[in-house]
Amino acid sequence: MSTISRVLVDSSLYIFLVCLILHTTAQGSSREALEFTISIGSGSKGSGLSKDCKDEHHTLPFKLKCPLPRTHPVTLPALPSKRDVLVFADQRLAVVYPIIQKFKSIITSDPLGVTKTWLGSDICNYKGFYCDNPPDNKSAIAVASIDFNGFQLSAPKLDGFLDQLPDIALFHANSNNFAGTLSPNIAKLRYLYELDISNNQFSGPFPTAVPGMSGLTFLDIRFNFFTGSVPAQIFTQNLDALFINNNNFMIQLPDNIGNTHVLYLTLANNKFNGPLPRSLFKAFSNLAEVLLLNDELTGCIPYEIGLLKEAVVFDAGNNQLTGPLPFSLACLENLEQLNFAGNLLYGMVPEVLCELGTLVNLSLSDNYFIHVGPICRILIERGVLDVRNNCVPDLPYQRSVEDCANFFAYPRFCPRMWSYTYIPCNHFPFRSSIPEIAPSP
């Protein structure tokens, strides 16, 4: 082959290889290597070229265009959409939002689906939550009241929730299944004046924070499992209502109970013991209901019970009270229900008591009365008076003679026996001959 023909062939081959390389580079080939050998000249076998882009000693008369190194894509977090950003009507609502959500997370039962409404920033429309302007800033909006009554929610505690609501004024949560104890931090809730946690599963001692809460006017902790003593100072607080019945409190009623301002008081179904303080009745002269049933009260009934002039209901059934019934009961002109059943009372049923025209239910069963007069017998016929299981000889359904004899074999005496015929009210003509307050023995 002539020299010119050889040059033309070599040049054509050279141009072809260059075009091949450029095409491969433009397509971004992912092959790890492009190997080729170019022979130029007179067929020398040892000369060649590696396509490695890092090889700076190639003999090609142009610059190779190598593909850019591969990089892994970086995933950036998505920016929150406008609808995902919570906007609160007031900063005070923003503060309690995580507290509410945390409490929601520990609720173990919600049969009525109440917590399904606890979503988003509109806390004032959460079921059970109520907002108002706090006293320290009339232009602000805060959670001022909570009413969970009857929601049947279950949670192991209220700590971390109730005590973290700085503007709460009313907290009502009766008839749920909340448990644990009440945090002493509730004493820091400066606006709280009504607290109702009745009919739950709370336990432990009487809430220690309560005696220090001077603004509290309503306390209802009925139907729980609180135990131990009740602080004496609770009776001298400025409470309008104190409901502590149906727990396991064990204490003798303190003497300072006479200094109380309570208008509604229930102490029943506990283990209160000892005698009824004489001061109790003077202090409770404005009470409509006095409930002392199913405790362990002992001693005699003082004549001061006649000072309960506004009483509609007086219930001291199932205790260990003894002695006769004071005639001063005739002063309870508004009395509709009187229950002394299940005690150790004896003597006669006062006729002046049976003369009260307002009586609907007078229960004196399971005592040791021995005499019932004609006026009281009329009430028996009307179904108002119940004296079953006593010691009245000529009435049916009485105790056995042996049972009555055993009781009277051990005489029981009361102090100031003269006071049991004293009637401290205006409509009895002989009142003026008796001192306003009977002297101590």
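## As for the overall build of the protein
Per the secondary structure count, the protein includes six helices and 22 strands. The burial tally for the protein puts 44% of its 441 residues in the buried class. Here the analysis covers contacts within the protein between residues at least 6 apart in sequence; of these, 48% occur between residues at least 24 apart. For the protein, the computed accessible surface area is about 23,600 Å², with 56% contributed by carbon and sulfur atoms.

## Points about the sheet that holds strand β12 (residues 264-266)
Spatial ordering of the open sheet is given by β1-β2-β4-β6-β8-β10-β12-β14-β16-β18-β20-β22, a layout of 12 strands whose pairing is mixed. Every other strand in the sheet has two partners, leaving β1 (129-132) and β22 (385-386) as the edge strands with one partner each. Of the pairings in the sheet, the one linking β12 to strand β14 (residues 289-291) comprises two bridges and is parallel in character. Bridging from a neighbouring strand, threonine 266 pairs with leucine 291 of β14. Relative to the sheet, helix α2 (residues 91-106) contacts β1 and β2 (142-147), its axis offset from that of β2 by approximately 40 degrees.

## A short note on the environment of phenylalanine 161
With respect to the helices, strands and loops of the structure, phenylalanine 161 is situated in the loop between β3 (154-155) and β4 (170-172). Note on phenylalanine 161: relative accessible area 0%, which makes it buried. The residues contacting phenylalanine 161, other than those within four sequence positions of it, are Ile99, Ile100, Phe103, Phe129, Ile146, Phe148 and Phe171.

## Comments concerning the confidence of the model for the protein
Per-chain confidence: the protein averages 84 in pLDDT, with 77% of residues scoring 70 or above. Note that residues 28-51 has pLDDT below 50 and, in this model, 27 contacts with residues that lie over four places away or in other chains. Below pLDDT 50 for its whole length, residues 429-441 participates in 20 contacts with residues either more than four positions away or in separate chains.

## So, the side chain of serine 183
Relative to the elements of secondary structure, serine 183 occurs in the loop between β5 (177-180) and β6 (194-196). Judged by relative accessible area, serine 183 falls into the buried class, the value being 6%.

## Observations regarding unusual backbone geometry
What you tend to see is this: most non-glycine residues have negative phi, and most peptide bonds are trans. One non-glycine residue, glutamine 152, lies in positive phi territory at about 60 degrees. Within the secondary structure, glutamine 152 sits in the loop between β2 and β3. With relative accessibility at 39%, the residue glutamine 152 sits in the partly exposed group. Phi at arginine 416 is positive, roughly 55 degrees, even though this residue is not glycine. Note on placement: arginine 416 falls in the segment after α6 (401-408). Arginine 416 sits in the buried class, given a relative accessible area of 11%.

## Some details on the nonpolar core
What tends to happen in soluble globular proteins is that the nonpolar side chains get buried as a cluster. Judged by nonpolar contacts, the single largest core of 93 residues is most densely connected at Trp118, Phe148, Phe161, Phe171, Phe314 and Phe340. Contributions of two or more residues to this core are made by α2, β2, α3 (278-283), β19 (344-349), α4 (351-354), β21 (368-372) and α5 (374-381). If one sorts the elements of this core by residue count, α2 sits on top with five residues. When neighbours within four sequence positions are excluded, tryptophan 118 is seen to be in contact with Ile100, Gln101, Phe103, Lys104, Ile107, Tyr126, Lys127, Phe129, Phe148 and Leu153.

## A closer look at the sheet that holds β21
Read from one edge to the other, the open sheet built from five strands follows the order β13-β15-β17-β19-β21, with strand pairing classed as parallel. The open sheet terminates on both sides in strands that have one partner only, identified here as β13 (273-274) and β21. Summarising the sheet, β19 and β21 pair through four bridges and their orientation is parallel. When the bridges of β21 are listed, methionine 348 appears paired with histidine 371.

## Considerations on the environment of proline 275
Relative to the elements of secondary structure, proline 275 occurs in the loop between β13 and α3. Sequence separation between proline 275 and cysteine 300 is 25 residues, and the spatial gap between their C-alpha atoms is 7.0 Å. If sequence neighbours within four positions are ignored, proline 275 has contacts with Gln252 and Thr298.

So, how was this worked out
Residues numbered from 1 in each chain as written. Predicted model: local features only at pLDDT ≥ 70, side-chain atom pairs only at ≥ 80, totals over all residues. Heavy atoms only, no water. Helix = DSSP H or I, 4+ residues; strand = E, 2+ residues; numbered from the N terminus. Buried < 20%, exposed > 50% of the residue type's maximum accessible area, 1.4 Å probe, protein only. Contact = heavy atoms within 4.5 Å. Areas by Shrake-Rupley, 256 points an atom, 1.4 Å probe, with all protein chains shown as cover. Pairing = 2+ DSSP bridges. Axes fitted to C-alpha atoms, helices over the stretch in contact; angles between N-to-C directions. pLDDT = per-residue confidence, 0-100. Core = buried A, V, L, I, M, F, W, Y, C linked by side-chain atoms within 4.5 Å.

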